[in-house]
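# Observations on chain architecture
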Amino acid sequence: MRFNLKLINENPDTQNIKHQILRNRGIDDVEAYLNLGNHCLHDYRLLGEEKLAKIYELIDEASMDDKKVFILVDSDVDGYSSGAMMFKYLVDFIGMKNVKYILNRDKKHGLQPEIVDALLFERSEEKGLLIIPDAGTNDTAHCKTLSEWYDIIVIDHHPREDDVEENVYATIINPQICGYPNKNICGAATVYKVLQYLDEQYNATEANECLDLVAIAMIADVMDLRNVESRYLTTRGLMNIDNKLIRACIEKNSYSISNTASPNALDAAFYISPMLNACIRTGSAEEQDNLFRAFCEKDFGQTFPYKPRKSAKNPEPVEIDEDFYTHVVRICYNLKLSKQDKVCDKECGIAIDELSKKKESKLAVFNRTGMDLGLIGVLANKVANTIDKPTLVLRRDREEDGKVVYKGSARNFKNSYVLDFKQDLLDSGLVLFAAGHSNAFGLEIYGENVIKLQRWFDEKYENVDASKTFYVDYLLDGSVPFYIVREINEMKSLFSNFVETPFVGCQNVQVSSGDVQILESQNGNKRFSFKVDDVEFIKFKLDEDDEMIRAVQNSFGDEVFNISLVGKVSVSMYGGKATPQMIIEAYDIEVVE
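We now turn to the structure provided with this report. (Residues numbered from 1 in each chain as written. Predicted model: local features only at pLDDT ≥ 70, side-chain atom pairs only at ≥ 80, totals over all residues. Heavy atoms only, no water.)

### Considering the pattern of salt bridges
Condition: By definition here, a salt bridge exists when the distance from a side-chain nitrogen of Lys or Arg to a carboxyl oxygen of Asp or Glu is within 4 Å. Each residue is assigned to one of three classes by its accessible area relative to the maximum for its type, calculated with a 1.4 Å probe on protein chains only: buried under 20%, partly exposed between the two thresholds, exposed over 50%.
Applying the stated criterion across every chain, the model contains 29 salt bridges. Across the salt bridge formed by Asp 341 and Lys 336, the nearest N and O atoms sit 3.0 Å from each other. Relative accessible area serves as the criterion here: at 23%, Asp 341 is assigned to the partly exposed category. Residues participating in the shared-partner salt-bridge network are Asp 43, Arg 45, Glu 49 and Glu 200.

### Description of the pairing of strand 19 (residues 535-539)
Regular strands place their side chains on alternate faces of the sheet. Heads up, the condition is: Helix and strand assignments come from DSSP, with helices taken as H or I runs of at least 4 residues and strands as E runs of at least 2, each series counted from the N terminus. The rule for pairing is simple: two strands pair if DSSP sees at least two bridges between them.
The element strand 19 is extensively covered by neighbouring structure, given that five of its five residues are classed as buried. Taking every second residue as pointing to the same face, both faces of strand 19 are buried, with Val 535, Phe 537 and Lys 539 on one and Glu 536 and Ile 538 on the other. Judged from the five bridges that link them, strand 18 (residues 526-532) and strand 19 form a sheet pairing that is antiparallel. Across the sheet, residue Val 532 finds its bridge partner in strand 19, namely Val 535. Note that strand 19 and strand 21 (residues 577-592) share three bridges and pair parallel. For Glu 536, the partnering residue across the bridge sits in strand 21 and is Gln 581.

### Regarding the sheet that holds strand 9 (residues 364-367)
Just so we agree on the cut-off: Convention adopted: a line fitted to C-alpha atoms gives each axis, helices being fitted over their contacting stretch, and angles between N-to-C directions are expressed from 0 to 180 degrees.
Taken in spatial order, the five strands line up as 9-10-11-13-12 in an open sheet, and their pairing is mixed. This sheet does not close on itself; its edge strands, each paired only once, are strand 9 and strand 12 (433-437). Put simply, the sheet's adjacent strands are angled 25 degrees from each other on average, direction ignored. Sheet topology note: the strand 10 (residues 391-400)/strand 11 (residues 403-411) ladder contains nine bridges and is antiparallel. From the neighbouring strand, Arg 396 faces strand 11, where its bridge partner is Tyr 406.

### A short note on the packing of aromatic side chains
For clarity, the threshold we go by: Here a Phe, Tyr or Trp ring, Trp counted by its six-membered ring, pairs with any other such ring whose centre lies within 6.5 Å, and the pair is stacked when the planes are under 30 degrees apart, edge-to-face when over 60, and tilted otherwise. Both a distance and an angle decide whether a charge sits over a ring: NZ of Lys or CZ of Arg must be within 6 Å of the ring centre and within 35 degrees of the ring normal.
Across all of its chains, the model carries 23 aromatic pairs by this definition. An aromatic cluster is defined as three or more aromatic residues linked by ring pairs; in this entry it consists of Phe 413, Tyr 417, Phe 421, Phe 441, Phe 457 and Tyr 461. Directly above the ring of Tyr 417 sits Lys 362, whose terminal nitrogen or CZ lies 5.9 Å from the centroid. The ring of Tyr 446 is capped by Lys 403, whose NZ or CZ atom sits 4.7 Å from the centre of that ring.

### Focus: the pairing of strand 5 (residues 150-155)
To keep it simple, the criterion reads: Orient the strands so they point away from the viewer, and a crossover whose first-strand-to-second-strand path over the helix runs clockwise is right-handed.
Among the six residues that make up strand 5, six are buried, leaving the element largely enclosed by the rest of the structure. Taking every second residue as pointing to the same face, both faces of strand 5 are buried, with Tyr 150, Ile 152 and Val 154 on one and Asp 151, Ile 153 and Ile 155 on the other. In terms of strand pairing, strand 4 (residues 128-133) meets strand 5 through six bridges, oriented parallel. Looking at the pairing, Ile 132 lines up with Val 154 of strand 5. Note on the crossover from strand 4 through helix 6 (residues 140-146) to strand 5: the handedness is right-handed. Looking at chain direction, strand 5 and strand 6 (residues 171-173) are connected through three bridges and run parallel.

### Let's talk about the sheet that holds strand 15 (residues 474-477)
Formally: Throughout, a residue-residue contact means that at least one pair of heavy atoms, one from each residue, lies within 4.5 Å.
As summarised here, the arrangement of the seven strands in space is 15-16-20-21-19-18-17, forming an open sheet in which the pairing is mixed. Only two strands of the sheet have a single partner each, and these edge strands are strand 15 and strand 17 (517-520). Along the sheet, successive strands turn relative to each other by an average axial angle of 35 degrees, direction set aside. Strands in contact with helix 17 (residues 482-489) are strand 15, strand 16 (504-512), strand 19, strand 20 (560-574) and strand 21; relative to strand 20, the strand with the most contacts, it is inclined by about 45 degrees.

### What to know about the packing of helix 4 (residues 77-94) against helix 8 (residues 211-220)
Helix-helix packing is described using two parameters, namely the angle between the two axes and the distance between the axes. Threshold: If an angle is under 35 degrees, it is roughly parallel; if it is over 145, roughly antiparallel; if it lies from 65 to 115, roughly perpendicular; otherwise it is oblique. Crossing handedness is defined as follows: a turn of the near helix away from the far one that is anticlockwise and smaller than a right angle gives a left-handed crossing, while the clockwise case is right-handed. Think of it as three bins: nonpolar holds Ala, Val, Leu, Ile, Met, Phe, Trp, Tyr, Cys and Pro, charged holds Asp, Glu, Lys and Arg, and polar takes everything else, Gly as well.
Where helix 4 meets helix 8, the axes come as close as 8 Å, and the angle between the chain directions of the two elements is 160 degrees. Regarding the angle of helix 4 to helix 8, the classification is roughly antiparallel. Classified by chirality, the crossing of helix 8 by helix 4 is left-handed. In contact with Val 77, Asp 78, Ser 81, Ala 84 and Met 85 of helix 4, helix 8 contributes Leu 213, Val 214, Ile 216, Ala 217 and Ala 220. In the contact of helix 4 with helix 8, the residues fall into eight nonpolar, one polar and one charged.

### A word on the nonpolar core
The test is simple: In plain words, nonpolar cores are sets of buried Ala, Val, Leu, Ile, Met, Phe, Trp, Tyr and Cys residues tied together by side-chain atoms within 4.5 Å.
Leu 90, Leu 245, Leu 276 and Leu 291 are the most contacted members of the largest nonpolar core, which has 83 residues in total. Top contributing element to this core by residue count: helix 4, with nine residues. If we ignore the near neighbours within four places in the chain, the residues touching Leu 291 are Tyr 80, Leu 245, Leu 276, Cys 279, Ile 280, Val 328 and Cys 332. Core analysis: the next-biggest nonpolar cluster, separate from the first, contains 40 residues, Ile 17, Phe 495, Val 499 and Leu 565 among them.

### Considering helix 14 (residues 373-387)
Put simply, the rule reads: Given the number of residues in a helix, its expected span is that number minus one, multiplied by 1.5 Å.
Over its 15 residues, helix 14 runs 22 Å from end to end, which matches the ideal 21 Å to within 8%, given 1.5 Å per residue. Regarding helix 14, the residues found buried are Gly 374, Leu 375, Ile 376, Gly 377, Val 378, Leu 379, Ala 380, Val 383, Ala 384 and Ile 387. Tucked into the core, helix 14 has its buried residues touching helix 11 (265-282), helix 13 (324-356), strand 9, strand 10 and strand 11. Count one or two residues on from helix 14 and you reach Asp 388, which has phi positive near 55 degrees.

### So, helix 12 (residues 285-296)
Since one α-helical turn is 3.6 residues long, residues separated by three or four positions face the same way. Here helix 12 contains 12 residues, and its C-alpha end-to-end distance of 17 Å stays within 8% of the 16 Å for a straight helix at 1.5 Å per residue. For helix 12, the complete set of buried residues consists of Gln 288, Asn 290, Leu 291, Phe 292, Arg 293, Ala 294, Phe 295 and Cys 296. With its phi angle positive at about 60 degrees, Glu 297 sits one or two positions after the end of helix 12.

### So, the side chain of Asn 497
Structurally, Asn 497 can be placed in the loop between helix 17 and strand 16. Judged by relative accessible area, which is 10%, Asn 497 ranks as buried. Contacts of Asn 497, omitting those with residues within four sequence positions, involve Met 218, Ile 219, Val 222, Met 223, Asp 224, Leu 225 and Arg 226.

### Some details on the environment of Leu 266
Secondary-structure assignment places Leu 266 in helix 11. Each C-alpha atom, one on Leu 266 and one on Lys 492, is 8.4 Å from the other, the two residues being 226 residues apart in sequence. Not counting residues up to four positions away in its chain, the partners in contact with Leu 266 are Phe 495, Ser 496 and Thr 501.

### Some thoughts on the side chain of Thr 171
Positionally, Thr 171 belongs in strand 6. For Thr 171, the residues in contact, after removing those within four places along its chain, are Lys 51, Lys 54, Ile 55, Leu 58, Ile 152, Ile 153 and Val 154.

### Re a nonpolar patch on the surface
So the rule is basically this: Residues with no salt bridge and a relative accessible area higher than 30% make up the patches, which join like charges within 9 Å and nonpolar side chains (Val, Leu, Ile, Met, Phe, Trp, Tyr) within 5 Å. Only the protein chains shown count as cover for residues, and the accessible areas themselves come from Shrake-Rupley with a 1.4 Å probe.
Side chains of Ile 8, Leu 419 and Tyr 471 sit close together on the surface and give an oily, nonpolar patch of about 290 Å² of accessible area. Structurally, Leu 419 can be placed in the loop between strand 11 and helix 15 (421-428).

Interpretation note: all reported values are geometric properties and have no functional meaning in isolation.
The following block contains the structure:
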């Protein structure tokens, strides 16, 4: 086969499907995971009661004295959610009048030199208050500069870097550097914990109004939702979405989302956070400002003139007043389609053409100096999964000690033979730093080390099978029983970050060539399908030289194909009819003599 199938558990339980799949994902106490409640929550005081008390003191003092308050908003969904939660609490609940926000631009994080300059320009004789959610732990030098003019609150979840001096110039709440048991909460969830403490002081229950933003941030920031507290916070938030921006995102994608009243984690991951990220990465300053206002629900009754495009349903459109949230979401949607997806599709094609002219290597590297920094990671991900190779997309950043430093993104491809791409690069000793997730992270490297890194990587994996490897929960023979499809389909609401939708492998699937349908959609995409024991097998987005197309075209209608395949199973509902399906990810075919 051109791919490998490996059972996660060599002897899977075929009677208790749900428990087996969850155990396969490292969830040992399945019953606890399936029976979530307030008992899953850790006491927010474990974040540091003295520091929480100090934060209350600083905020209450700023409110009483009408001090200048600035909230630094980090440039991702977690940053916008964290910043909006704090802004809403201070302005809408406490009633503070002198609160401003500063948006980080160009995928920058934490205190940047231009932010420091802006804050120094805004300083006054009376000490102000600076709040940095979702960043700041490692901004020691900048906090030191600002500490003369501002009291600084940092509410973060990023680890303290080894080579950075401890930040003693801010009051820091961070689960990574204290005894808080759950290290898998994002910035917004950490802010939620702080707001719970403030609620206690103000005898209020405002923090729970922000759980919808916590859920979106947990999913967008790819937090590990195998943890019961993280899972519970996310589940509660998704079940109670009231934020007007998130509701507008759901409405825009209502045709794709499983349940618009209560979307699941996969709905948020595929249809909500990508739109928001597209604006944060590539939107104009005005578009990003409007997006953050929408997070904060500060529309001020604003509308926008908008004339829909002509369509069969609306052949003579007239200009309308588009409400604020619909407008913001439409801009996000269009940015994703036009500025992000189209650019990356074009650049991916160029990258593949470049690759054909380069010396073969198991590590693909591309120089995209001048490309929008917000698109670098998106492009790296698309290229990696198109060419099935670990990929670096870099751009020239600066000169340092007479050497050119390149900065960019690294992405591994799905089902890769490389298990921890980041650790590999760190082990090489050739990168200046690599930070992020194991297979999706940012890095810096001297230009002179790029070719050396490729050589190192090729040597490390010289004798390793570079084929895709699918880790499957079940490896079946001949067909897929309906009860397995049904059980997995009923688990949809459980699948999320680190609780991946299962792959199921099936070998020796035999089907007559005459029973294979080759179909083409209106946009030209081809697919094939066939049925075995009432389960429909479908493969979408076929290439012109797809093996099944060629096998069917070359058959006389009576050949028998023996197929090995791997895919994901579900139950499709259409016209009131339920159809068990396997969506094929990869397959091999041979003609039975």
